[in-house]
Structures are given as C-alpha cells and as structure tokens.
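# Commentary on secondary and tertiary structure
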Amino acid sequence: MKLDARIPSGPLAQKWSSFKGSMKLVNPANKRKYRIIVVGTGLAGASAAASLAELGYQVDAFCFQDSPRRAHSIAAQGGINAAKNYPNDGDSVWRLFYDTVKGGDFRAREANVHRLAEVSTAIIDQCVAQGVPFAREYGGLLDNRSFGGAQVSRTFYARGQTGQQLLLGAYSALERQVGLGKVKMHARTEMLDVVVDNGRAVGIVVRDLTTGVISTHAGDAVVLGTGGYSNVFFLSTNAKGCNVTATWRAHKRGAGFANPCYTQIHPTCIPASGDHQSKLTLMSESLRNDGRVWVPQTKGDVRRPDQIPEAERDYYLERRYPSFGNLAPRDISSRAAKLVCDSGLGVGPGGRGVYLDLADAIKRLGHKTIEERYGNLLAMYGKITDENSYEVPMRIYPAPHYTMGGLWVDYSLMSTVPGLFVIGEANFSDHGANRLGASALMQGLADGYFVLPPTLSDWLAQAGPSSASTGTAAFTTTVQQVNEHTNKMLAVKGHRSPELLHRELGNIMWNKCGMGRTAAGLQEAMREIKDLRGRFWQELRVTGDGACMNTQLEHAGRLADFLEFAELMCRDALEREESCGGHFREEYQTEEGEAQRNDKDFCHAAVWEHRGANQPALRHREELTFDNVHLATRSYK
Amino acid sequence: MKLTLKVWRQKNATAAGRFESYEANDVSPDMSLLELLDVVNEQLVNKGEEPVAFDHDCREGICGACSMVINGHAHGSDRGTTTCQVHMRRFTNGDTVVLEPWRAKPFPLVRDLMVDRSSFDRIIASGGFVSVNTGGAPDANALPIGKVDADHAFDAAACIGCGACVAACKNASAMLFVAAKVGHLASLPQGQPERDARAVNMIMTMDREGFGACTNTYDCEAACPKEISVDFIGALNRDYRKALSSTR
Ligand code: FES
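The present account deals with the structure reproduced in this document. This one's a predicted model, so the numbers in the text were calculated from it and none came from an experiment.

## So, the overall build of chain A
Scanning chain A for helices and strands turns up 18 helices and 19 strands. The C-alpha radius of gyration computed for chain A amounts to 24 Å, which stays within 12% of the reference 26 Å derived for 637 residues, consistent with globular compactness. Along the three orthogonal principal directions, the C-alpha set of chain A runs to about 75 × 60 × 50 Å. Counting contacts in chain A only where the partners sit at least 6 residues apart, residues at least 24 apart contribute 74% of the total. Taking the average location of the 73 positive side-chain charges in chain A and that of its 69 negative ones, the two points are 3 Å from each other.

Dropping the structure here:
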C-alpha cells in the first residue's frame with residue numbers, strides 16, 4: 001500500500017489556491033457523460049451530490065433511511081465554525097487552523113486543516129444564500145458564539161438545531177437536482193459492497209431494503225459519505241442506523257483505514273437510565289457556555305443538589321483548568337468526569353453522572369434569555385428525564401459521539417483505491433486525535449460543497465471514464481459474495497438476536513477501548529471480540545428471509561462488520577503507545593493525569609491494510625510533518 | 001408495570017393487515033415507547049416470529065423517521081412530541097397501547113408500522129429550495145435580516161418532515177408541511193425571487209401526489225411535534241392566490 005498524500009507544494013496558505021489554479025478540468029460538454037455514485041446523504045453526501053450535479057455530472061445518490069433528510073447530521077445541535085471574524089475578536093483563518101490542529105492534539109495533516117479553515121467562510125455564505133435561518137442580532141447581522149474550547153466567537157448557530165437547518169439546506173439543494181433530473185435518489189437502499197475492477201472503484205452493490213432485491217450500480221467514481229462508527233459501542237449518541245459497513249467493506253476491498261482508535265467521547269450526554277437503554281442523547285455542549293459542571297465534595301452525599309452549599313461543591317473543571325474552565329475541550333472534560341465518577345463522587349443512578357448547573361446563569365441573565373438560548377434542549381432533557389432543569393441541575397455523563405478515524409484519504413480526498421473518494425466523518429482527514437466542537441458540520445460541508453467537486457473533477461480529467469459495466473466479472477463476483485454473506489447469516493438459525501449480540505460488543509468496547517485504555521485491557525478485548533465473532537456465527541438468529549423488508553437482517557449485517565472492525569480498532573489502540581486527544585492510554589499520562597503524547601515515535605497516522613481473513617492487517621504510517629506550527633503540549637490550564 | 005400492546009401487522013403493501021396483541025411485563029417508566037418495542041421484538045425473535053417493523057433513527061425527536069399513531073393520536077397525545085420521545089411514564093399499569101401506521105393514501109404502507117413518505121421528497125423537489133448553485137454566494141452579512149423575520153423563518157423551518165400532519169388530518173392534506181417550507185423561505189429575502197413559483201409548484205405536486213384539500217380542522221397543528229402554527233397555512237393560501245393571479 002502506497003501512501004502518497006499528494007499535498008501541493010508551496011507555502012501552506014497558498015496550497016489550496018495553487019491546487020485549484022493548476023487542476024485539470026473536465027470539458028463541460030463531457031461532464032454529463034460521467035456518472036458519480038454518492039453513498040450517504042448527510043451534510044457531506046448531500047452537499048457533494050448537489051454540487052456535483054450542478055457542475056453537470058450525472059449523480060446517483062444512496063441512503064438507507066427513508067429520505068435523505070433523515071441522515072444523522074440532522075441531530076448536531078451546537079453550531080458550525082467559520083473564520084469570519086464578524087465579532088472582531090481576533091479570529092482568522094490562521095487561528096481556526098491553529099486551534100483545529102492543536103485541538104486535534106497535533107495528529108492531523110496541516111495542509112488539509114488549513115484548507116478547511118480557508119473554505120469555512122464560504123460555507124456560511126452558501127448556507128445563508130440557501131435560506132438557512134441562522135441566529136441573528138437585532139441589527140440583522142449574524143450572531144456568533146464561542147463554543148467548546150475556543151477563545152473567540154466563531155460559531156454560527158440556529159437555535160439548538162444547527163445540524164438540522166444545515167442538513168435541510170443541503171437536502172433542498174439535493175432535491176432541486178433530483179427535480180431537475182440530475183440526481184437519481186435511491187432511498188431505503190443500503191450499500192453492501194464496493195466493486196473494484198483493475199484497481200479502480202467502478203461501482204457498488206446495494207440492497208433495496210423494502211424488497212430485499214440486490215442490485216448493482218456502475219459509475220466513474222464512488223464517493224462515500226457514510227459517517228462514523230460510534231455505534232461499535234452500541235450505546236452512543238449516533239442514530240440507531242449509523243454503521244461502519246460502507247467504509248469497512250471498502251477497507252476490505254483495498255482502502256486503507258486510518259487511526260480507527262481515535263474516537264470522541266462527548267462530555268455532555270444524558271446518562272443511561274437502565275438496561276433497556278437503546279441509545280444516548282447528547283445535550284449540546286453550548287450549555288457549557290452558561291452551565292457550570294460540579295459534583296459534591298464528599299462521597300455519598302445524597303442531598304438534593306440545591307441543598308448542597310456552594311462550599312461543599314467541587315467545580316472540578318474550573319478548578320483544574322482555570323483559563324478554560326467549563327469550556328475545556330471534549331476529551332479533557334470527558335476524562336475529568338470519568339475521573340470524579342470513578343472516585344465515587346458521581347451523582348444519579350449508579351453514580352454515573354455529574355451536574356451541569358444553569359442556576360448562576362439564570363440568576364445573571366434571567367429565565368427568558370436562558371430559555372431563548374437553550375429552550376429546545378432543556379425541553380428535550382425534560383422529556384427524557386422528567387426533570388425541570390431550570391430548577392434542578394441537569395445530570396450529564398460522557399458518551400461516544402464522533403469518530404475521528406476513518407478511511408485514509410489524500411489531499412484530494414481519494415482513498416488508496418483509485419476512484420474511491422471519502423468525505424465527512426467517514427474519512428480521517430481533518431480532526432487528528434480529537435475534534436473541536438462545531439467542527440463536524442464545518443468539515444462535512446467543506447468536503448461536500450467546496451473540496452470534493454474540484455478534486456474529483458481533477459481526478460476524472462486525468463483518469464478518464466471507467467469502462468466497467470455492471471455485466472463484468474468484477475460485478476458478478478461481488479454480488480455473489482454479498483449473497484453468500486446474506487445467506488450465511490440467515491442460515492445460522494441460532495437463538496440470539498443481533499440486538500443482544502451488539503450489546504455484548506458494546507460492553508467490551510466501552511469497558512476496554514473507551515475513555516481509558518490499557519495494553520492488557522485491549523489484548524483482552526481482542527480475544528473477547530474474536531470469541532464473540534465466533535459465537536455470532538453460531539448463535540445469531542435472524543427471523544424471516546432476505547426477500548422483503550427485514551430489519552433484523554439489516555442489523556445483523558451491520559453487526560457482522562462491526563465485529564470485524566472492532567478488533568482492528570483495539571489493535572490500533574494497542575499499537576499507539578501514547579495518549580493523544582481522544583485516545584487515552586492509561587500507561588501514558590503525566591503526573592497530573594493529563595495525556596502524554598509521544599511525538600518521537602507516534603507523530604504519524606496509522607493506516608491499516610487489509611490482507612484477508614487469515615492474515616493480520618498491516619500497519620503503515622503517514623508521517624505528519626509540522627512546518628508551520630510548533631508541536632506543543634496541549635495545555636488548557 | 002404491565003402493558004398490552006395492540007400492534008398493526010402487515011407484511012407488505014398488498015398483504016392483508018390485522019392487529020396483534022402482545023403482553024409486556026416489567027415495563028420501566030423511564031423506557032421510551034421505542035425501547036418497549038425493542039423489548040417486545042426481542043420476545044418475538046426468541047419465539048422465532050418476525051419482529052415489528054417501524055421507522056426510527058435518531059430517537060431524539062429531530063430526524064422525523066419515527067411515525068406511529070398511538071392510541072388514535074399521531075405521535076401520541078402529548079403536544080410537541082415525536083413517537084420516539086413518548087416515555088412509558090405517560091401510561092399506567094394495565095393500559096392497552098394501540099399502535100398503527102400513518103394511514104394516508106399518499107403514504108403507502110411498507111411493512112407493519114412503516115410507510116413510504118417519498119411523496120414529501122417529491123414535493124420539496126418541485127420547489128422547496130432557493131435556486132443557488134454552490135459557490136459565488138455574496139458575503140453572508142451582506143444581507144441583513146431582522147431578528148424577528150429570522151426567528152419567524154426558523155419557526156417554520158423547524159419542520160422535521162415526519163408526516164404527522166397528514167396522518168392527523170381527516171383529508172390527508174399536506175398543507176401544513178407545504179406551508180412550513182413555503183413560509184420559511186417566504187419570510188426571508190433569499191426566498192423572494194421564486195416565491196410565487198414555489199407556492200404554485202409545491203401545491204400542484206401535493207395535489208398530484210394525492211394529498212387531500214385543507215378544510216381548516218387544525219388537527220395538523222395539534223399533532224405537529226414541532227408545533228408549527230396553522231398561521232403558515234393562511235399565509236400559504238394568500239401567497240398561492242396572489243401567485244395565481246399574477247401569472248394569469
Ligand atoms: S426517531 Fe428521529 S424523530 Fe423519532
């Protein structure tokens with residue numbers, strides 16, 4: 001596997017413009033002869049499909065949901081960053097770039113991150129032109145707020161529903177192209193494999209979830225915008241359908257998988273209420289702007305929170321990180337919460353929670369302002385917990401939320417399989433070992449609206465059309481393999497549902513590859529996963545058949561891929577003998593319990609090459625060079 | 001607590017459907033309705049029967065996938081709530097909970113509690129957008145928009161496209177859905193150039209898809225999980241009439 005990031009030469013700030021200046025162009029008359037397959041219709045997929053169709057390409061877009069508008073980008077609450085510097089508080093492209101590199105604990109590629117910061121401003125312009133109703137000030141200009149670990153106000157937001165409004169903007173652009181006949185939309189259709197012919201991605205195999213019919217689609221390029229893999233933990237803030245299948249199948253067809261161990265545990269989620277819990281709900285960390293996080297100072301303090309006097313509370317984030325306080329980055333806040341709960345100070349069921357208290361803010365700003373800022377979030381919290389958080393502090397606990405790892409891509413967002421592009425959360429590109437708040441929406445839209453359209457065009461102009469049609473051997477063998485896999489799952493006829501087996505996997509991952517990881521724990525986890533995988537193929541029970549809507553079969557297929565992927569994730573965590581960002585190896589920490597990076601040995605992206613079922617994956621590295629920033633120890637003290 | 005679920009089962013659009021009853025014991029009040037269905041499905045799978053199919057994804061009230069008529073009410077009887085946000089503490093020991101799919105011709109049944117709402121996508125595709133291509137947009141602050149207008153636009157834009165408005169309406173009208181999108185864009189300067197065409201095209205598509213006419217019963221507003229106001233329907237009607245008279 002050759003890893004050539006193909007970063008344009010020249011100074012950092014000019015790389016992207018020099019790429020665009022020298023890129024190859026596809027003749028406008030020829031564009032409609034190219035067919036591009038886009039899998040996933042979240043922020044990245046929908047914006048890419050729309051933008052590519054606008055350029056004149058024929059696009060086939062796929063999503064497993066019943067409509068492209070349902071993709072999980074819709075649930076992002078807090079906001080989207082952009083280096084507009086509207087508040088005049090000292091922001092710039094450079095500062096957003098620097099904050100993102102630092103926030104990612106110096107494990108992302110400089111050139112990609114700088115490009116992200118550069119195009120961030122155009123995203124806001126584009127979304128406003130589409131009619132996205134961002135929050136505004138009375139004078140009519142856009143409002144900004146500071147968010148999750150940033151010292152400038154660069155986050156644009158739409159109440160607590162920014163992801164929804166941005167996704168609906170991208171969705172409407174996509175539907176416009178559907179109406180114009182430029183995009184053919186395939187909803188309720190799940191990608192089950194990538195077809196690679198002569199080393200080039202030439203199409204996909206999909207299952208129509210309503211009828212069970214397997215079909216093939218050929219294209220000149222395949223784009224995956226299929227999101228992250230947090231559901232490997234079973235309980236996460238991801239939607240129930242989110243899965244690793246598309247990227248994992250691509251990996252098995254030759255795409256390098258980078259840094260699978262980089263997962264983000266979000267500090268402000270609603271704690272689980274019992275064994276029935278099916279997913280976790282995030283409370284936007286924008287709440288940390290006005291909320292103060294605390295636990296009682298003494299163990300076993302069972303008083304109601306409002307009965308605990310100020311002097312007997314530990315505002316541990318403010319205490320440990322005086323300059324960032326409650327806004328310390330996500331990985332740091334999550335670990336701090338785990339630490340206090342592990343030491344027995346947690347609150348709520350099982351001691352798995354800390355308080356997020358708005359009382360001071362309500363006193364300072366009034367009930368009305370707080371309601372305006374967070375009304376919908378607090379209502380959601382109330383629905384789930386039956387508690388009124390204007391009166392009682394909320395309880396929060398960390399939960400898996402976002403995955404920074406993903407398929408390796410070069411500067412053009414192309415994977416190690418020519419013709420296979422990966423965008424949004426599905427790639428590994430911009431966030432390093434930890435993602436800053438309000439940066440996921442930014443990256444998804446940057447990739448889809450502004451980065452992929454030119455880079456894909458540039459590649460097509462050089463590679464030319466693919467000659468593969470769905471009748472070729474590459475397609476028929478892939479279909480055969482997909483069918484064999486499905487039939488094998490149906491044939492097990494064991495006694496346990498995919499749901500139960502998935503919960504078991506989640507337990508292993510959360511306990512041994514979650515917020516804190518150790519070599520011994522990871523080795524154990526790998527053994528347990530292998531064992532569970534073996535049991536999956538003996539105990540699985542899928543009722544019904546493959547020839548109709550079968551939600552069990554869908555879940556089983558996704559779980560089969562998670563069970564393979566999970567092992568690689570643990571192995572990646574095991575071999576990264578350092579702590580960085582969301583990856584915390586307990587063996588590698590400072591005396592104060594902060595993450596200890598090892599730049600000498602691990603300043604690289606680990607990229608895994610699949611070598612078949614009988615051989616362990618091979619670890620490659622892309623060395624990360626920092627020519628523009630100084631590798632500092634992250635400090636938020 | 002103990003509950004009885006009466007669930008609509010139907011294998012596909014053409015098969016015959018019927019209610020089936022399932023007993024659920026040990027129901028925790030903190031469970032969501034969908035979590036209860038997970039438990040029931042688990043029991044069914046254990047018995048070798050096929051689980052109840054239903055649409056769901058985010059389970060936090062924003063994606064619009066979940067869609068059930070619960071005891072006769074779309075998304076249940078609480079205001080401003082999606083099916084996934086209904087918790088079992090709303091019920092008492094011994095209750096029977098009746099679950100049905102959205103019933104409306106333009107939403108053909110897929111399986112059990114799942115329906116096909118792609119007609120909504122086609123309505124959006126016929127005009128629910130501002131025709132701007134990627135790139136070349138002016139600076140976002142070049143176009144000041146008063147906070148009141150922006151907030152008004154947001155109130156309409158909050159629609160999650162779940163279809164409860166249609167399911168709740170005796171005419172299966174999609175007027176609230178259309179009005180929400182038209183109202184969102186009509187409140188903003190960006191939406192003005194295509195304002196007339198948008199209202200006309202979206203209503204035409206709505207009619208073509210087989211949605212009924214609005215007779216102002218306002219059941220849509222009561223069922224809407226985002227509490228979108230029927231005032232937007234009034235505004236849509238005005239826009240529509242104005243557009244028709246100006247194109248004549
Ligand atoms: S599952 Fe998304 S709104 Fe209910």
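## So, the environment of B:A157
Mapping B:A157 onto the fold places it in helix α3 (residues 147–157). Residue classification places B:A157 among the buried positions, given a relative accessible area of 2%. It is 6.3 Å that separates the C-alpha atoms of B:A157 and B:A180, two residues lying 23 residues apart in sequence. Those residues within four positions of B:A157 in sequence are excluded, and the remaining contacts are A:P133, A:Q164, A:Q165, A:L168 and B:H184.

## Looking at the sheet that holds strand β1 (residues 35–39) of chain A
Within a sheet, each strand pairs with its neighbour through backbone hydrogen bonds, oriented either parallel or antiparallel. All names here are of chain A. Taken together, the five strands give an open sheet; going across it, the order is β5-β2-β1-β9-β17, and neighbouring strands pair in parallel fashion. Only two strands of the sheet have a single neighbouring strand rather than two, namely β5 (183–186) and β17 (420–422). Direction aside, the axes of adjacent strands within the sheet are offset by 20 degrees on average. In terms of strand pairing, β1 meets strand β9 (residues 221–224) through four bridges, oriented parallel. If you follow V39 over to β9, its bridge partner there is L224.

## Things to note about the pairing of strand β1 (residues 3–9) of chain B
All names here are of chain B. A large share of β1 lies buried, amounting to six of its seven residues. Where β1 meets strand β2 (residues 18–24), seven bridges bridge the pair, whose relative direction is antiparallel. Note that in β2 the partner of L5 across the bridge is Y22. In this structure, β1 lies alongside strand β5 (residues 96–100), joined through four bridges in parallel fashion. Counted as the bridge partner of V7 is L99 from β5.

## A closer look at the interface of chain B and chain A
At the interface, 72 residues of chain B touch 74 residues of chain A. Surface buried jointly by chain B and chain A totals about 6,100 Å² across both partners, of which 52% is contributed by carbon and sulfur atoms. At the boundary of chain B with chain A, the tally comes to six salt bridges. Between B:D139 and A:K84 there is a salt bridge, and its shortest N-O distance comes to 2.9 Å. Across the contact surface, chain B and chain A share 44 residue pairs in polar contact (both at pLDDT 80 or more). The element best represented in the side of chain B that touches chain A is α3(B), accounting for seven residues.

## Some points on the state of the cysteines
Note on terminology: a disulfide is the covalent bond linking the sulfur atoms of two cysteines. The tally for this structure, following the rule as stated, stands at zero disulfides over all chains. Counting only cysteine sulfurs, B:C63 is the nearest neighbor of A:C63, a cysteine outside any disulfide, at a range of 12 Å. Judged by relative accessible area, which is 3%, A:C63 ranks as buried. Cysteine A:C341 remains unbridged, with the sulfur of A:C269 as its closest cysteine sulfur at 13 Å. A:C341 gets classed as buried once you look at its relative accessible area, which sits at 6%.

## Quick notes on the packing of helix α6 (residues 162–179) of chain A against helix α2 (residues 118–125) of chain B
As a packed pair, α6(A) and α2(B) sit with axes 8 Å apart at the nearest point and diverge in direction by 85 degrees. Between α6(A) and α2(B), the angle is such that the two are roughly perpendicular. Mapping the contact onto sequence places A:Y171, A:S172, A:E175 and A:G179 in α6(A) and B:F120, B:D121, B:I124 and B:A125 in α2(B).

## Some points on the pairing of β9(A)
Residues and elements named next belong to chain A. Residue alternation in β9 divides its side chains into two sets, A221 and V223 and V222 and L224, and both sets are buried. Alignment of β9 against β17, held across three bridges, turns out to be parallel. Within β17, the residue paired with V222 across the bridge is L420.

## What about the environment of A:Q481?
All names here are of chain A. Position of Q481 relative to the elements: it lies in helix α14 (residues 473–492). A relative accessible area of 38% places Q481 in the partly exposed class. Considering only alpha carbons, one finds Q481 and D193, 288 residues apart in sequence, at a separation of 9.2 Å.

## Remarks on the pattern of salt bridges
The full count for this structure, using the stated rule, is 73 salt bridges over all chains. For A:E285, the salt bridge goes to A:R330, with nearest N and O atoms at 2.4 Å. Separated by 45 residues along the polypeptide, A:E285 in the loop between β11 (263–269) and α8 (287–290) and A:R330 in helix α10 (residues 330–342) bring together distant segments of the chain. Overall, the relative accessible area of 1% leaves A:E285 in the buried class. The buried category is assigned to A:R330, whose relative accessible area is 5%. Across the pair B:R89 and B:D30 runs a salt bridge whose closest N-O atoms are separated by 3.2 Å.

## Considering the sheet that holds strand β19 (residues 618–623) of chain A
Residues and elements named next belong to chain A. If you walk across this open sheet you meet the four strands as β16-β10-β18-β19, and the pairing is antiparallel. The sheet is open, and its two borders are formed by β16 (406–407) and β19, each paired with just one other strand. Of the strand pairs in this sheet, strand β18 (residues 604–609) and β19 are connected by six bridges, and their pairing is antiparallel. Bridge assignment links V607 to a residue of β19, and that residue is H620. Where helix α17 (residues 551–575) meets the sheet, its contacts fall on β10 (257–258), β18 and β19, and the angle it forms with β18 comes to roughly 145 degrees.

Thresholds applied
Residues numbered from 1 in each chain as written. Chains lettered and ligands numbered in written order. Predicted model: local features only at pLDDT ≥ 70, side-chain atom pairs only at ≥ 80, totals over all residues. Heavy atoms only, no water. Helix = DSSP H or I, 4+ residues; strand = E, 2+ residues; numbered from the N terminus. Rg over C-alpha atoms; globule rule 2.2 N^0.38 Å. Contact = heavy atoms within 4.5 Å. Lys, Arg positive; Asp, Glu negative; His and termini not counted. Charge placed at Lys NZ, Arg CZ, Asp CG, Glu CD. Buried < 20%, exposed > 50% of the residue type's maximum accessible area, 1.4 Å probe, protein only. Pairing = 2+ DSSP bridges. Axes fitted to C-alpha atoms, helices over the stretch in contact; angles between N-to-C directions. Buried area = accessible area lost by both parts, 1.4 Å probe. Salt bridge = Lys/Arg side-chain N within 4 Å of Asp/Glu carboxyl O. Polar contact = N/O pair within 3.5 Å; in protein donor to acceptor, adjacent residues only side chain to side chain. Disulfide = S-S within 2.5 Å. Parallel < 35°, antiparallel > 145°, perpendicular 65-115°, else oblique.

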